Every structure is written in structure tokens, then in C-alpha cells.
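Chain residues, written in single-letter form:
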Amino acid sequence: MSVRTLPLLFLNLGGEMLYILDQRLRAQNIPGDKARKVLNDIISTMFNRKFMEELFKPQELYSKKALRTVYERLAHASIMKLNQASMDKLYDLMTMAFKYQVLLCPRPKDVLLVTFNHLDTIKGFIQDSPTILQQVDETFRQLTEIYGGLSAGEFQLIRQTLLIFFQDLHIRVSMFLKDKVQNNNGHFVLPVSGPVPWGTEVPGLIRMFNNKGEEVKRIEFKHGGNYVPAPKEGSFELYGDRVLKLGTNMYSVNRPVETRMSGSSKNLASRTQESIAPNPLAKEELNFLARLMGGMEIKKPSGPEPGFRLNLFTTDEEEEQAALTRSEELSYEVINIQATQDQQRSKELAQIMGEFEIMEQPRLSTSKGDDLLAMMDEL
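Residues numbered from 1 in each chain as written. Predicted model: local features only at pLDDT ≥ 70, side-chain atom pairs only at ≥ 80, totals over all residues. Heavy atoms only, no water.

Caption draft 1: A look at the overall build of the protein chain. Assigned secondary structure in the protein chain consists of 14 helices and eight strands. For the protein chain, with 379 residues in total, the buried portion stands at 46%. Element-wise, carbon and sulfur atoms account for 52% of the exposed surface of the protein chain, whose accessible area totals about 19,500 Å². (Helix = DSSP H or I, 4+ residues; strand = E, 2+ residues; numbered from the N terminus. Buried < 20%, exposed > 50% of the residue type's maximum accessible area, 1.4 Å probe, protein only. Areas by Shrake-Rupley, 256 points an atom, 1.4 Å probe, with all protein chains shown as cover.)

Put into C-alpha cells, the structure is as follows:
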């Protein structure tokens, strides 16, 4: 597991979240000034300097539920509100889109180009906000500094860590199904055509060499695909042609998008109940959330400007139906820690629950074990 994966995961999922919210704001005919305020507030919070400092610290990935808590807080950083069903759908679309992009990356290093595509599009949302643009550019410089010198093996470890994070997610997305890049069981269809990774050759030729390094024989074979050489390598500079299209806004054309859990995913969720079983990382996850949310500066709305509710479904009836049919095992609302199995786990639960006590006196430090609820109340 790579300890450098979290920033790439967070930024790419955050980019997908902004794409979806932008599309829904347009689809629901939200006034332009309100829509811009929502996106500006979320992006400003997402790229806050203190928040980025915590995010870029080397650390292991935590559960999907822990990360979802951060995104839910982020989505409500402005005057817009989402109910539980819409938040669930938003997170499903975010995760499946980025999973698809990771799977299709020609090279492990190209996940960085996917990230840059997300940042490039995000900057398009905030062209009239130079202060926020500066925040995004600073994050770009951090990415270049940290990831620019990593080896191919280190990027492969990052890609593997991402795929492990996504491996149990098989949520069907209508857009992917219509484009025939996803099967009915929720698995993606990998292409057997198109450009090969930069620096590699089109398959179909085997070369044989003697002990002196001289080529002595060639054998051609049919590879069954339709591959072409890569035209050029994508740019890793602040401004440049990324070449790779993965990570660009696939919602720029208004298309209805639905999500459905596949049967295999439902069975898998009921068997494993990811993040519900007690584990020794429970306390670390609380500390992780406290650190990240402590870095978020949620701006309270100034003045009497009314908020509004955003619906990620076509109608309110569809949203209500989704809330009723959502599987309990797949609900992210509460993290259950069952500590009845043994005494050791009961002690761990007692220690964790003890940290949720809201003390009247001010906290003197932000050391390990800070009260998560108190940290959130300060935002």
C-alpha cells in the first residue's frame, strides 16, 4: 500500500463531485449567481491551504465511509443542501467514474495526468476568482513537486492501492451502460484498441536475439486488437496538452445519469459489510477525520441569502423512492462498530466513545485522540 495515494484519490474524486454538481445546478436551472457561489465555496474549501497540508502528509488510505464523511462535509460547504439519497448517488457516481479512469490509464504514471485534467477543468469553474485560482495552482505545484520524481514502480504501487480501494464497487451507471463500457454486473469493459502506452510499441512482433545481442529472427502474430502508436506524451506542466482525455468533464453534454447496485455488489456488501466490522484502525480513522475536517474552513453564509436543496435525481419522487430502497448495508450515514465479540474490542470501543464526550473547557492541544465532534462543531 502506498502512503502517497490519498491526495490523488481525494482530488480526483473531488473533481468528479464538482462535475456532477455543476451539471445538476444547470439541469435544475439554479440562478447563475447562486451556482457560481456554490462551486466557488466548495472549491475554496477543498483547496484550503491547511486542508491541503494535512492531505499531502504521507498516510494510509482509510475506509470509503471515512472519506465519504469528508465529501459530505465538503458538499455542504455553501448554501446548497443534499439529502441522504442524493448524497449517496453523488458518491456512487464519483467513485465509479474515477475507478473507470484508473482502470483505463495506459501507464500507472498517467493517473497524474488524470488528476491534472481534473484540476484544469476545476480552474475553468473559477476563472473570475483569482484568489481561488491561486489555491488550485499551489496544489498543482505540490503535486508536481511530490509526484514528479517518483519511479514507474512507485506509480504502479499507487495504482494498485487505488484498485484495491475500488475493487468491491460494482455500481451500474446508466451513462457507462449506454456507452457499452460497463456490463450489467457492474464490471467495466476494457478496450482492445486505441493508442498503446507512451514509450511502448504496437503488439504483433516478437524479436529474437543471440548471445551477442544481435537480432536473428522476427515472428509476427495476430493480437486481436486495433492498436496504434501513442501520438505524444501528455504534458505534466502547469499549462499544456495532457493528450489523455480521462478525467475531463463527461457531463459537459447534458445527459441523465442513473445508478443501480448490481446483484453481485449487494451480495458482497451483505457478506463483508465493509468498515462495519470492528478493526484496529477505527481510532486512526477518527483521528484522520478530525485532522482533515480541522483543516476545512467552512464559511458561514453571510447575510440573509436563502439556501436551496439540490436533487441528483430527475424528480423528487425518484429521490424519495431511492431513499426507501437503499440497502441498509450500503448506507453511509452511521459507522457501526460491533464490540460484543470480545473484551479487548469492548475496551477499544469504550476508549473511542470516550473521545466523543463534549467538554466545556477549551481543548489545549490537537494531539492524537482529539474529539471528532468538537472538531466538527468548530467548522
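Caption draft 2: View of helix 4 (residues 64-75). Taking 1.5 Å as the rise per residue, helix 4 with twelve residues should run 16 Å; its terminal C-alpha atoms sit 16 Å apart, in good agreement. Counting buried positions over the twelve residues of helix 4 gives nine, a clear majority of the element. Considered for burial, the residues of helix 4 that qualify are Lys 64, Lys 65, Ala 66, Leu 67, Arg 68, Val 70, Tyr 71, Leu 74 and Ala 75. (Expected span 1.5 Å × (residues − 1).)

Caption draft 3: Inspection of the environment of Gly 14 at higher detail. Checked against the element boundaries, Gly 14 lands in helix 1 (residues 6-27). Not counting chain neighbours up to four residues away, the residues in contact with Gly 14 comprise Met 46 and Tyr 71. (Contact = heavy atoms within 4.5 Å.)

Caption draft 4: Representation of the pattern of salt bridges within the structure. Scanning the entire structure with this criterion turns up 15 salt bridges. Of the charged contacts, one joins Arg 26 and Asp 22 as a salt bridge, the two residues approaching to 3.2 Å between their closest N and O atoms. Separated by four residues within a single helix, Arg 26 and Asp 22 lie in helix 1, roughly one turn from each other. Of the residues examined, Asp 22 reaches a relative accessible area of 12% and is grouped as buried. Note that Arg 242 and Asp 120 form a salt bridge whose closest N and O atoms lie 2.8 Å from each other. (Salt bridge = Lys/Arg side-chain N within 4 Å of Asp/Glu carboxyl O.)

Caption draft 5: Broad picture of the environment of Thr 115. For Thr 115, the location among the structural elements is in helix 6 (residues 110-125). Separated by 28 residues in the primary sequence, Thr 115 and Leu 143 place their C-alpha atoms 9.2 Å from one another. Looking at Thr 115, its side chain comes within polar contact range of the main-chain oxygen of Val 111, at 2.8 Å. (Polar contact = N/O pair within 3.5 Å; in protein donor to acceptor, adjacent residues only side chain to side chain.)

Caption draft 6: Local environment of the packing of helix 1 against helix 6. The geometry of helix 1 relative to helix 6 is characterised by a closest axis approach of 9 Å and an angle of 40° between their N-to-C directions. Between helix 1 and helix 6, the angle falls in the class oblique. Helix 6 is crossed by helix 1, and the crossing has left-handed handedness. On the side of helix 1, the interface is formed by Leu 8, Leu 11, Asn 12, Gly 15, Glu 16, Leu 18, Tyr 19 and Asp 22, while helix 6 contributes Val 111, Leu 112, Val 114, Thr 115, Asn 117, His 118, Thr 121, Ile 122 and Phe 125. (Axes fitted to C-alpha atoms, helices over the stretch in contact; angles between N-to-C directions. Parallel < 35°, antiparallel > 145°, perpendicular 65-115°, else oblique. Left-handed = near helix turned anticlockwise from the far one by under 90°.)

Caption draft 7: Layout of the side chain of Gln 135. Inspection of the secondary structure assignment puts Gln 135 in helix 7 (residues 130-147). In contact with Gln 135, other than residues within four places in its own chain, are Ser 44, Phe 47 and Asn 48.

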